[in-house]
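Letter by letter, the chains look like this.
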Amino acid sequence: MAGKVSAKQVTQHRLVAEAAERAARERRTRITRVVTAVTVLALAVGGGVWWQVQRSAIDEVADPGPSVSSELLADGIALGGANSRPVVDVYLDFLCPHCADLEERIGDTIADLAVSGDARVVIHPITLIDPAESARSAAAFGCAAGSDGVLGYQRGLFDNAGGGFSTERLVAIGASVGLTDAAFVRCVQDGTQAGWAAAVDAAAGERGVEGTPTILVDGAELDLAATVTPAAFMAELEALTG
Amino acid sequence: MTTSATAPSSRAASELPRTRSALVLDWLGTLARTVLGGVLLVAGLIKVADPVDSVAAVRAYQVLPESLERLVGYGLPFLEIGLALLLVTGFATRVAAIGGGLLMVGFVAGIASAWARGLAIDCGCFGGGGAVDAADVDYLVPLLRDVGLMILAGYLAWRPRSVLAVDHRPPDQTNAEGSSWPAR
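Just so it is clear, the structure is predicted and the values come from calculations on it, not from any experiment. (Residues numbered from 1 in each chain as written. Chains lettered and ligands numbered in written order. Predicted model: local features only at pLDDT ≥ 70, side-chain atom pairs only at ≥ 80, totals over all residues. Heavy atoms only, no water.)

Undergrad: Explain the sheet that holds strand 6 (residues 220-221) of chain A to me, please; I cannot follow it from the model alone.
TA: Hydrogen bonding along the main chain pairs the strands of a sheet, whether they run parallel or antiparallel. Residues and elements named next belong to chain A. Here six strands make up an open sheet; going across it, the order is 1-2-4-3-5-6 and the pairing mixed. Two strands lie at the open edges of the sheet, namely strand 1 (70-73) and strand 6, each paired on one side alone. Alignment of strand 3 (residues 87-92) against strand 5 (residues 214-217), held across four bridges, turns out to be antiparallel. For V88, the partnering residue across the bridge sits in strand 5 and is V217. Its contacts with the sheet place helix 4 (residues 150-159) against strand 1, strand 2 (76-79), strand 3 and strand 4 (120-125), and it is angled at close to 130 degrees to strand 2. (Pairing = 2+ DSSP bridges. Helix = DSSP H or I, 4+ residues; strand = E, 2+ residues; numbered from the N terminus. Contact = heavy atoms within 4.5 Å. Axes fitted to C-alpha atoms, helices over the stretch in contact; angles between N-to-C directions.)

Undergrad: Sorry if this is basic, but what is going on with the pairing of strand 2 of chain A here?
TA: Along a regular strand, successive side chains alternate from one face of the sheet to the other. All names here are of chain A. Across the two faces of strand 2 the burial is the same, with G76 and A78 and I77 and L79 all buried. Pairing geometry for strand 1 and strand 2, over four bridges, is antiparallel. Bridge pairing in strand 2 places S70 opposite L79. The turn linking strand 1 back onto strand 2 is made up of two residues. In this sheet, strand 4 lies alongside strand 2 in antiparallel orientation, the contact comprising three bridges. Residue pairing in the sheet places I77 in a bridge with I123 of strand 4. (Buried < 20%, exposed > 50% of the residue type's maximum accessible area, 1.4 Å probe, protein only.)

Undergrad: Could you clarify how one ought to interpret the packing of helix 2 (residues 97-116) of chain A against helix 4 of chain A in this entry?
TA: Any two packed helices are characterised by the angle at which their axes cross and by the distance between the axes. Residue and element names in this part refer to chain A. Their axes nearest at 10 Å, the elements helix 2 and helix 4 cross at an angle of 160 degrees. Here helix 2 lies roughly antiparallel to helix 4, going by the angle between them. The way helix 2 lies across helix 4 gives a crossing that is left-handed. Of the residues in helix 4, those in contact with C99, A100, E103, G107, D108 and A111 of helix 2 are L151, Q154, R155 and F158. In terms of residue class, the contact of helix 2 with helix 4 is built from five nonpolar, two polar and three charged. (Parallel < 35°, antiparallel > 145°, perpendicular 65-115°, else oblique. Left-handed = near helix turned anticlockwise from the far one by under 90°. Nonpolar A, V, L, I, M, F, W, Y, C, P; charged D, E, K, R; others polar.)

Undergrad: Even after reading the chapter, I still don't get the state of the cysteines, so can you show me in this structure?
TA: Here, the word disulfide means a covalent bond between the sulfur atoms of two cysteines. All names here are of chain A. Summed over all chains, the structure comprises three disulfides over all chains. Between the sulfur of C96 and that of C99 lies a disulfide, 2.3 Å long from S to S. Its S-S torsion of about 90 degrees marks the bond between C96 and C99 as right-handed, since a negative value means left-handed. An identical accessibility class is assigned to C96 and C99; each is buried. With its sulfur 2.0 Å from that of its partner, C143 forms a disulfide with C187. Residues C143 and C187 are joined by a disulfide whose S-S torsion is about -75 degrees; by sign, that bridge is left-handed. (Disulfide = S-S within 2.5 Å.)

Undergrad: Explanation requested: the packing of aromatic side chains in the structure shown.
TA: For any pair of aromatic rings, the description consists of the separation of the ring centres together with the inter-plane angle of the planes. Counted by the stated rule, this structure contains six aromatic pairs over all chains. Considering the side-chain rings of Y153(A) and F184(A), the 5.3 Å spacing of their centres and the 90 degrees angle between planes classify their relative orientation as edge-to-face. Taken together, the residues span a long stretch of sequence, with Y153(A) in helix 4 and F184(A) in helix 6 (residues 182-190) at a distance of 31 residues. Taken as a pair, Y153(A) and F184(A) share a single burial class, namely buried. Each member of the aromatic cluster is reached from another via a ring pair, and the members are F94(A), F141(A) and F158(A). Across the ring face of F91(B), the terminal group of R33(A) is positioned such that the distance to the ring centre comes to 5.9 Å. (Phe/Tyr/Trp six-rings, centres within 6.5 Å; stacked < 30°, edge-to-face > 60°. Lys NZ or Arg CZ within 6 Å of the ring centre and 35° of its normal.)

Undergrad: Can you walk me through the interface of chain B and chain A in this structure?
TA: By a widespread convention, an interface's size corresponds to the accessible area lost as its parts come together. Residue-level contacts link 32 residues of chain B with 28 residues of chain A. Buried area between chain B and chain A, both sides added, is near 2500 Å², and the carbon and sulfur share of it is 63%. The tally of links between chain B and chain A comes to two salt bridges. Residue D167(B) is joined to R33(A) by a salt bridge in which the shortest nitrogen-to-oxygen separation is 3.5 Å. For the pair chain B and chain A, the number of links is four residue pairs in polar contact (both at pLDDT 80 or more). Those elements that place two or more of their residues in the side of chain B that touches chain A are helix 1 (7-14), helix 2 (20-49), helix 3 (51-60) and helix 4 (66-89) of chain B. At nine residues, helix 4 of chain B tops the list of elements feeding residues into the side of chain B that touches chain A. (Buried area = accessible area lost by both parts, 1.4 Å probe. Salt bridge = Lys/Arg side-chain N within 4 Å of Asp/Glu carboxyl O. Polar contact = N/O pair within 3.5 Å; in protein donor to acceptor, adjacent residues only side chain to side chain.)

Undergrad: Mind showing me how you'd approach the pattern of salt bridges here?
TA: Proximity of charged atoms lets side chains of opposite charge pair with each other. Evaluated as defined, the whole model comprises 12 salt bridges over all chains. For R25(A), the salt bridge goes to E21(A), with nearest N and O atoms at 3.5 Å. Highlighted residues: R25(A) and E21(A), both in helix 1 (residues 2-55), separated by four residues, approximately one helical turn. For R59(B), the salt bridge is made with E69(B), and the minimal N-O distance between the two is 2.8 Å. Linking R59(B) in helix 3 with E69(B) in helix 4, this pair joins segments that are 10 residues apart in sequence. Look at E69(B) and you get buried, because its relative accessible area is 6%. Overlapping salt bridges, with partners in common, bring together D63(A), E103(A), D108(A) and R155(A) in one network.

Undergrad: So what exactly am I meant to see when it comes to unusual backbone geometry here?
TA: The phi torsion of most residues other than glycine is negative, and most of the peptide bonds are trans. Residues R85(A) and P86(A) are joined by a peptide bond in cis, for which omega reads 0 degrees. The backbone phi angle of D218(A) is positive, close to 50 degrees, even though this residue is not glycine. Structurally, D218(A) can be placed in the loop between strand 5 and strand 6. Even without being a glycine, A92(B) presents a positive backbone phi close to 50 degrees. Its place among the elements puts A92(B) in the loop between helix 4 and helix 5 (93-116).

Structure below.
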């Protein structure tokens, strides 16, 4: 009888001990899970922020192109001499991939025309791709008018279109091509030229420009093949102007 | 094992009364995890794709200092995705639910404050965000949705147990000892 009682007690003790051990094990598992979860969250957020910062970093423009005087018009920015002819009107949207492609192909050629005075180049940044960001970049572009860094800013905008055109990025892109003066920065931040950008867009519409990129030479539209070369562009220009 | 004969009986006494209502609550937990986690996952993935919009959406609320707007705009989508993955898999459910619940409290406070201040913005809950036409302003729907999600998070924080969760694997027949299913 005494033996039976003691055996029962032993079993009970063992069960209590096992239960305690099980509880302790579960507690450890739970703590491990919580620590793992918090660590994973911290790494995801930290890594994510780092990745987004990298993604939105400003690409420096390798070659900002030539400096050329510029003038703010009601419907665009004119480069070079006011009396140069023919008039080459370039309609673009800084978010438009074909415009960036065209800039890469014949941007230097068009810049040379403006610098040499062989043409009066007028850049019209219209709002086509994104109502907010295209308009904001166009307004910022307008802020660069009057400086001689318009072409550099244009390249900076095309090069950095992938990261979007927030106000800070528009200011930072300007800084990367030397547009650092306080008036420019304030103009971009305040959206001073938003009304001008809307007017540029409206004027393009009135003129019948529906897409980008569009280049008009003395009002006649150039046929821009996607594979246009500087030589082909010059040939077409000469054909149109005689 | 010598205890194998006695252990099931003791377990049966203390743990087996898993009533029908407990099972219903377990499934309710799974449903809550799936809905809260699913919404967070979708919201996070949409926002990750467009960090510029995400920052703009944060800025539109006009509550954070400028230095924090970028951090929150960039980081919040990843926090949402991280919490969503924990919730959907049922890993550290209580912690994830508390995190998700606090997020919802923050969202509700943000939307309510935007409403109270008369701002005309989109909540930016699923991408987008920023200023909108006064006619398109809708604070009630996102507010109710986030309150609903907050209740789900509160339920999970109070009772994190659910089925189909890493936290509570079903009983392992070969090693009942190591299972955390009927225990706790």
